[in-house]
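# Per-entry structural report
Residues per chain, in single letters:
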Number of protein chains: 2
Amino acid sequence: MKIVKVDAAGIRDFKEKWKKRQLISKEILKKVLNIIFDVQERGDEALKDYTLRFDQLDLNITGMEISQDEVEKAYTESKEFIPILETVAQRIAFFHKHGLPQNWFFTDDYGNILGQRITPIEYLGVYCPGGKAAYPSTVLMNTIPAQVAGVKEIIMCVPTPKGEISKLVLAAAKIAGVNKIFRLGGAQAIAAMAYGTETIPKVDFICGPGNIYVAAAKKLVFGEVGIDMVAGPSEIAIIADGIVSPDRVAADLLSQAEHDEMAGVFLITSSENYAHSVLKEIKKQLSSLTRKAIASEAMERQGYIFIVPDLNTAAQVVNTIAPEHLELLIAEPFSFLDKVKHSGAIFLGQHAVEALGDYIAGPNHTLPTGGTARFSSVLSSEHFLKRSSILFISREGLLALGPKAIKFAQAEGLTAHAISVKKRLEESKD
Amino acid sequence: MKIVKVDAAGIRDFKEKWKKRQLISKEILKKVLNIIFDVQERGDEALKDYTLRFDQLDLNITGMEISQDEVEKAYTESKEFIPILETVAQRIAFFHKHGLPQNWFFTDDYGNILGQRITPIEYLGVYCPGGKAAYPSTVLMNTIPAQVAGVKEIIMCVPTPKGEISKLVLAAAKIAGVNKIFRLGGAQAIAAMAYGTETIPKVDFICGPGNIYVAAAKKLVFGEVGIDMVAGPSEIAIIADGIVSPDRVAADLLSQAEHDEMAGVFLITSSENYAHSVLKEIKKQLSSLTRKAIASEAMERQGYIFIVPDLNTAAQVVNTIAPEHLELLIAEPFSFLDKVKHSGAIFLGQHAVEALGDYIAGPNHTLPTGGTARFSSVLSSEHFLKRSSILFISREGLLALGPKAIKFAQAEGLTAHAISVKKRLEESKD
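Every chain's residues receive numbers from 1 upward, in the order its sequence appears when written. Ligands are numbered from 1 and chains lettered from A, in the order in which they are written. Note on the predicted model: pLDDT of at least 70 is required for a residue's local features to be given, and 80 or more for side-chain atom pairs to be given and counted; whole-chain, interface and lining totals, by contrast, use all residues. With hydrogens and water excluded, all non-hydrogen atoms of the structure serve as input to the side-chain values.

### Re the overall build of chain A
Counting from the N terminus, the helices are the DSSP runs of H or I reaching at least four residues and the strands are the DSSP runs of E reaching at least two. The secondary structure content of chain A amounts to 18 helices and 14 strands. Its C-alpha atoms give chain A principal-axis dimensions of about 85 × 60 × 45 Å. Each residue's exposure class comes from its accessible area (1.4 Å probe, protein chains only) as a fraction of the maximum for that residue type: buried when under 20%, exposed when over 50%, partly exposed otherwise. The buried share of chain A, taken over its 430 residues, is 64%. A separation threshold of at least 6 residues defines the contact pool for chain A, and within that pool the share at least 24 residues apart is 75%. Entry remark: accessible area of chain A is about 15,200 Å², with carbon and sulfur atoms responsible for 51%. For the purpose of charge, His is not counted, nor are the chain termini; Lys and Arg are scored as positive and Asp and Glu as negative. The location of each charge is read from NZ of Lys, CZ of Arg, CG of Asp or CD of Glu. Side chains of chain A give 48 positive and 51 negative charges; the mean places of these two sets differ by 4 Å. By definition, residues are in contact when any of their heavy atoms lie within 4.5 Å. Shrake-Rupley sampling with a 1.4 Å probe provides the accessible areas, and residues are treated as covered by the protein chains on show and by no other component.

Structure representation (structure tokens):
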């Protein structure tokens, strides 16, 4: 971990480096573009070719869809874990039912009724990473909010390298009410769900995390389908002033570092002594971690301790990072909240360890990474709902607004627009 | 216009054709990818090269930014039109202030405080098409909702082919409080705003319509910045049962057709006689239109009349199209509303001519096209706001949920996650 004493130059340098962290290279984008167009053209055949090449799996033998029997079997074999999955599913559903957007209408001075109407998307495709990084929590976090929103049908793609599949992932899919599951991964899975093939139904919206090829594919199909976000490596920022002991802060930082060699890990504190104690603890704890190699590399590459003079400067650092997760391990976290402009999820107080949010608190763990919290939101049921405008125009409204609309259309050279209003005005005077 | 008698096969054929209408080709995507990376690498120099090539404009002579003096001059020279621009700006602002998402919090059974917090994005880039298709309404529709949301700074790019710029566009930008305006268009303008150059500040979010290169560029920078939508050709669907005379319906259809040779124009009716009357009127009115050539081609290419047996079938057709605009020229439009699953903006009743929505009613005219209303929303202030999760965890909450989170983390093989919770549990027992 690098210790940075914060001044304007330090922040600027960091900002430049941070900004570039998760850009996808031109080479990857072009490679993925070819895969996407290949899947569009060749459909199932392309999916079989890529799955054989990347996952060493022959879909002609296994079939593309995972059968209901296989799902049932996985569920039965996960019996001990089912109650936890169900508790988590319930807590996610309970949280996501709050604050759902509602239809609204108002009547203006002319008696026009204007408003907004909310409807759910119909077909959702969830991507779930496979192999060793197969997480049942991902399945629940990406599907339950869609069920709350009223999505009609959910399909899921999960790569099964050499046929390997996590039973807990299948069990979670059953609990979440996923309708169909396919043995597909990578950019080809995203393309299949975006455009549809003989076997894979076209969906309206795709969500779920994945590697850089999946991220590139989601970016490239965006617009033809909706997308939750283009996710990059995970990150955490912690502001700590000493209310939590250094070994706990070290553990929180490491829990993020174990995700990914490219994970970002940031400690922001006013005390150099405290910073050094945390560093010492990190070294100590690292040695016993299962995922020591990954965590060490992340700490080395994207680990920073910022020494700040005060909490205002801490807020500046946070807003520069726009971190996915932010822990406020400070005496008065609620009064600090207003200073935070950009962060995906904010954990307040000494008991709010990030891993509770990752699994069980209720809020979503699918969060904007790499500074994208500047413009994007935590995954929620809103992602699966869309807004339409409603315009009932009264006779009085037409008479009052029509002439102005005609002038505007004429100024823009759209004469047919002007004529359409004129004709309606005539009618209303009939 | 093609007349289609609706049966299952007719709908299926139409659906296939419609689905493919606005896909962007691989060639265009690759071309635009090169422009984007060139702008990333060479910054202002690349912008100058492309502007010379595509707009025949030497930015070394004109400067990249349009000066405040030039804006003031355009505003003064637009004096007669200012009151209309201001009325429109006020109506847009008034509409968009309704239904803004609010922060919310609740306390669960353990005393955890969970919720969602809303904050605005800071830097917005608006793209405004230039030359002959320069629309002041576009400027107002894309900036006012952002001002309502509390965006800090708005820049705008508008191409000025051979130096040509619409005074009304500049006047609208002044009224909307745009902070800076640049003489830039095409994919290069989108890339400049997404990544920043020496002169163009990097923004967090880009909105506004454009040609296919602009649409491709928005798709390709999505994820590094937020994007309103990838817009394609405009379209209208009208369900008419005779309450409005054929010449009015014809005028409404033509007002959409004059936008773009690729515009989609759909009439859905149960009466073949009515359909033929509308067709006759279209031919009659076409001859006198300023944009006759464009409107004719659109009608020829993407003009359809669907003859349906009843309103339920009409709804099926609408939901297959998922049209940008939908006019319900039927006796009881409000009771029909529930059958409409996907449409960007719905116009109800005999006076609700689409052009009123394009200009002055208040709701936004930036709407999802080409069937993307299946998953995306009319532009609104929500696009410029983002949601963060809030998690305050109580001591009781940690004790109740912590052990389950540990089990979950262990099941996923994320042992550092488990350790972080364990350490906090120990602390809470101290």
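### Thoughts on the pairing of strand 4 (residues 123–127) of chain A
Residue and element names in this part refer to chain A. With respect to burial, strand 4 is a largely interior element, 4 of its 5 residues being buried. By the bridge criterion, 5 bridges tie strand 4 to strand 5 (residues 153–157) in an arrangement that is parallel. Residue pairing across strands places Y123 opposite E153, the latter belonging to strand 5. Note: two strands are recorded as paired if DSSP finds a minimum of 2 bridges between them. By the bridge criterion, 3 bridges tie strand 4 to strand 7 (residues 205–207) in an arrangement that is parallel. Across the sheet, L124 pairs through a bridge with F205, a residue of strand 7.

### Focus: the relation of the copies chain A and chain B
Mapping between the two chain copies consists of a rotation about an axis together with a translation along that axis. Turning chain A through 180 degrees and shifting it by 0.0 Å along the axis lays it on chain B, with an RMSD of 0.0 Å. The superposition of one copy onto the other is thereby described by a two-fold rotation axis. When the copies are overlaid, the least-squares fit takes in C-alpha atoms only where the residue has pLDDT of at least 70 in both copies.

### Topic: helix 12 (residues 272–286) of chain A
Because an α-helix packs 3.6 residues into every turn, residues spaced three or four apart end up facing the same way. Residue and element names in this part refer to chain A. A rise of 1.5 Å per residue sets the reference length of helix 12, with its 15 residues, at 21 Å; its end C-alpha atoms lie 21 Å apart and thus fit the reference within 8%. Here helix 12 has its buried residues at Y274, A275, V278, L279, E281, I282, Q285 and L286. Along the long axis of helix 12, the arc covered by the buried residues comes to 165 degrees, so they all point the same way. Away from its buried face by more than 90 degrees, helix 12 exposes N273, K280, K283 and K284. Under the convention used throughout, the expected extent of a helix is 1.5 Å for every residue step, that is, one less than its residue count. Here the arc refers to the directions that run from the helix axis out to each C-beta atom.

### Quick look at the UniProt feature "binding site: Zn(2+)" (unreviewed entry) in chain A
UniProt positions are given in the numbering used here, feature names are shortened, and annotations may be inferred rather than shown by experiment. The positions that UniProt labels "binding site: Zn(2+)" (unreviewed entry) are, in the present scheme, A:Q256, A:H259, A:D358 and A:H417. Of the residues just listed, which span 162 residues, the most distant C-alpha pair is 56.0 Å apart, and they do not cluster in one region. Checked against the element boundaries, A:Q256 lands in helix 11 (residues 246–257). Among residues more than four places away in sequence, those in contact with A:Q256 are A:S234, A:E235, A:I236, A:A263, A:G264, A:E324, A:H325 and A:E354. Examined against the element boundaries, A:H417 turns out to sit in helix 18 (residues 415–429). Ignoring any residue separated from it by four or fewer positions in sequence, one finds A:H417 in contact with A:A409, B:S255, B:E258, B:H259, B:A355, B:D358 and B:Y359.

### So, the pattern of salt bridges
A side-chain nitrogen of Lys or Arg and a carboxyl oxygen of Asp or Glu constitute a salt bridge if their distance falls within 4 Å. The final tally for this structure, using the stated rule, is 40 salt bridges over all chains. For A:E45, the salt bridge is made with A:K48, and the minimal N-O distance between the two is 3.8 Å. Residue A:E45 and its partner A:K48 are located together in helix 3 (residues 44–55), separated by 3 residues, close to a single helical turn. A:E45 gets classed as partly exposed once you look at its relative accessible area, which sits at 44%. Two residues, A:K219 and B:E224, come together in a salt bridge whose shortest N-O distance is 2.7 Å. Taken together, the residues span two chains, with A:K219 in helix 10 (residues 212–221) and B:E224 in the loop between helix 10 (212–221) and strand 8 (226–227). In terms of burial, A:K219 and B:E224 fall into one category: buried. Here the salt bridges share partners, and the residues they tie into one network are A:E122, A:K152, A:D204, B:K341 and B:R374.

### Comments concerning the UniProt feature "binding site: NAD(+)" (unreviewed entry) in chain A
Residues and elements named next belong to chain A. The feature "binding site: NAD(+)" (unreviewed entry), as given by UniProt, occupies Y127, Q188 and N211 in the numbering adopted here. In sequence the annotated residues extend across 85 residues, while in space they remain close, none of their C-alpha pairs exceeding 12.6 Å. For Y127, the location among the structural elements is in strand 4. Overall, the relative accessible area of 4% leaves Y127 in the buried class. In the analysis that follows, any N or O atom pair within 3.5 Å is treated as a polar contact, provided that within protein one partner can donate a hydrogen and the other can accept it, and provided that, for residues neighboring in sequence, both atoms belong to side chains. Of note is the side chain of Y127, whose polar atom sits 2.8 Å from the backbone nitrogen of G186. Its location among the elements puts Q188 in helix 9 (residues 186–195). Excluding its chain neighbours within four sequence positions, the residues that come into contact with Q188 are I35, V39, L47, Y50, T51 and F54.

### Examining the interface of chain A and chain B
Taken together, the contact between chain A and chain B spans 141 residues of the former and 140 residues of the latter. Once two parts are brought into contact, the accessible area they lose, counted with a 1.4 Å probe and summed over both, makes up the buried area. Summed over the three residues of chain A that lose the most area to chain B, namely A:F375, A:F408 and A:R424, the buried surface amounts to 7% of that side. At the boundary of chain A and chain B, one finds 16 salt bridges. Where chain A meets chain B, there are 74 residue pairs in polar contact (both at pLDDT 80 or more).

### Overview of the sheet that holds strand 10 (residues 264–269) of chain A
Taken in spatial order, the 9 strands of this open sheet run 1(A)-11(A)-10(A)-9(A)-12(A)-13(A)-14(B)-3(B)-2(B), and their pairing is mixed. Two strands lie at the open edges of the sheet, namely strand 1 (2–5) of chain A together with strand 2 (104–107) of chain B, each paired on one side alone. Taken over all neighbouring pairs, the strand axes of this sheet differ in orientation by 20 degrees on average, direction set aside. Summarising the sheet, strand 3 (residues 113–120) of chain B and strand 14 (residues 385–392) of chain B pair through 8 bridges and their orientation is antiparallel. Counted as the bridge partner of B:P120 is B:L385 from strand 14 of chain B. In this analysis an axis means a line fitted to C-alpha atoms, helices contributing only their contacting stretch, and an angle means the value between N-to-C directions, from 0 to 180 degrees. Here helix 12 of chain A sits on the sheet and contacts strand 1, strand 9 (235–240), strand 10 and strand 11 (303–307) of chain A; the angle it forms with strand 11 of chain A, its principal contact strand, is near 160 degrees. Sheet strands in contact with helix 13 (residues 292–302) of chain A are strand 1, strand 10 and strand 11 of chain A, and its direction is about 45 degrees off that of strand 11 of chain A.

### Examining the packing of helix 6 (residues 82–96) of chain A against helix 7 (residues 136–149) of chain A
All names here are of chain A. Packing of helix 6 against helix 7 leaves a shortest axis separation of 9 Å and a crossing angle of 40 degrees. With respect to helix 7, the axis of helix 6 lies oblique. As for how helix 6 packs across helix 7, the hand of that crossing is right-handed. Only P136, L140, M141, I144, P145 and V148 of helix 7 make contact with helix 6, whose side of the interface consists of L85, V88, A89, I92, A93 and H96. Partitioning the contact of helix 6 with helix 7 into residue classes produces 11 nonpolar, 1 polar and no charged. Any angle that is under 35 degrees is reported as roughly parallel, and any over 145 degrees as roughly antiparallel; angles of 65 to 115 degrees are reported as roughly perpendicular and all others as oblique. With the far helix as reference, a near helix turned anticlockwise by less than a right angle produces a left-handed crossing, and one turned clockwise produces a right-handed crossing. Gly counts as polar in this scheme, as do all residues outside two lists: the nonpolar Ala, Val, Leu, Ile, Met, Phe, Trp, Tyr, Cys and Pro, and the charged Asp, Glu, Lys and Arg.

### Things to note about the pairing of strand 10 of chain A
Residue and element names in this part refer to chain A. Of all the 6 residues making up strand 10, 6 are buried; the element is thus mostly covered by neighbouring parts of the structure. With burial as the criterion, each face of strand 10 is covered, one bearing G264, F266 and I268 and the other bearing V265, L267 and T269. Where strand 9 lies against strand 10, 5 bridges are found, and the strand directions are parallel. Counterpart to I236 in the pairing with strand 10 is V265. With the strands aimed away from the viewer, a crossover counts as right-handed if its path from the first strand over the helix to the second runs clockwise. With respect to chirality, the unit in which strand 9 leads through helix 11 into the neighbouring parallel strand 10 is right-handed.

### A look at the packing of aromatic side chains
Aromatic rings from Phe, Tyr and Trp, with only the six-membered ring used for Trp, were paired whenever their centres fell within 6.5 Å, and each pair was classed as stacked if the ring planes differed by under 30 degrees, edge-to-face if by over 60, and tilted otherwise. According to the stated counting rule, one finds 25 aromatic pairs over all chains in the structure shown. An angle of 45 degrees between the planes, with centres 5.2 Å apart, marks the rings of A:W104 and B:F95 as tilted. Separated into two different chains, A:W104 in strand 2 (residues 104–107) and B:F95 in helix 6 (residues 82–96) make up a pair that spans both. Just as A:W104 is buried, B:F95 falls in that class too. Note on A:F334 and B:F392: the rings are 5.6 Å apart at their centroids and 50 degrees apart in plane angle, and the pair reads as tilted. Of the two residues, A:F334 is situated in helix 15 (residues 333–336) and B:F392 in strand 14; the pairing between them involves two chains.

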